[in-house]
Amino acid sequence: MDAQRIAIDAVVALTDCDRDMVADFIRRFYLAGVKDPKRLTFKGLQALGR
């Protein structure tokens, strides 16, 4: 869960997006098996960039 929290904090800080929306994206990746905070942050930024 620390990886998920770190990734959410990083994406919110970098994009200033809504925390709940970012948490939803990151949670889906985390539950899909991505556990590395850097990878979660990268995937979260990619998803929000679309």
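Look above for the structure.
Residues numbered from 1 in each chain as written. Predicted model: local features only at pLDDT ≥ 70, side-chain atom pairs only at ≥ 80, totals over all residues. Heavy atoms only, no water.

**Student:** Sorry, what's going on with the packing of helix α2 (residues 19–31) against helix α3 (residues 37–49) here?
**Tutor:** When two helices pack together, their arrangement is given by the angle between their axes and by how far apart the axes lie. Interaxial distance between α2 and α3 falls to 9 Å at its minimum, and their mutual angle equals 125 degrees. Classed by the angle they form, the pair α2 and α3 counts as oblique. Here α2 and α3 pass one another in a crossing that is right-handed. Residue-level inspection shows Met21, Val22, Phe25, Ile26, Phe29 and Tyr30 of α2 in contact with α3, the latter providing Leu40, Lys43, Gly44, Ala47 and Leu48. (Axes fitted to C-alpha atoms, helices over the stretch in contact; angles between N-to-C directions. Helix = DSSP H or I, 4+ residues; strand = E, 2+ residues; numbered from the N terminus. Parallel < 35°, antiparallel > 145°, perpendicular 65-115°, else oblique. Left-handed = near helix turned anticlockwise from the far one by under 90°. Contact = heavy atoms within 4.5 Å.)

**Student:** It is not clear to me how the environment of Asp36 should be interpreted in this structure. Could you clarify?
**Tutor:** Mapped onto the elements, Asp36 comes out in the loop between α2 and α3. A residue is classified by how much of its surface remains accessible, and Asp36, at 41% relative accessible area, is partly exposed. (Buried < 20%, exposed > 50% of the residue type's maximum accessible area, 1.4 Å probe, protein only.)

**Student:** Sorry if this is basic, but what is going on with α3 here?
**Tutor:** It helps to recall that an α-helix has 3.6 residues per turn; residues three or four apart then point in one direction. For α3, spanning 13 residues, the distance from its first C-alpha to its last is 18 Å, which sits close to the expected 18 Å at 1.5 Å a residue. Listing the buried residues of α3 in full gives Leu40, Thr41, Gly44 and Ala47. Projected down its long axis, α3 shows its buried positions confined to an angular sector of 130 degrees, all on one face. In α3, the exposed positions angled more than 90 degrees off the buried face are occupied by Lys38 and Gly49. Check the buried side of α3 and you find it contacts α1 (2–15) and α2. (Expected span 1.5 Å × (residues − 1). Arc of directions from axis to C-beta.)

**Student:** Explain the pattern of salt bridges to me, please; I cannot follow it from the model alone.
**Tutor:** Where charged atoms of side chains with opposite charge meet at close range, the side chains can pair. In this structure the tally under the stated criterion is 4 salt bridges. One salt bridge connects Asp9 with Arg5, and the closest N-O pair in it is separated by 3.7 Å. In this pair, Asp9 and Arg5 both sit in helix α1, 4 residues apart, roughly one turn of the helix. The salt bridge involving Asp9 is made with Arg19; its shortest N-O contact spans 2.5 Å. Of this pair, Asp9 sits in helix α1 while Arg19 sits in helix α2, and the two are 10 residues apart along the sequence. Here Arg19 falls in the partly exposed class, since its relative accessible area comes to 41%. (Salt bridge = Lys/Arg side-chain N within 4 Å of Asp/Glu carboxyl O.)

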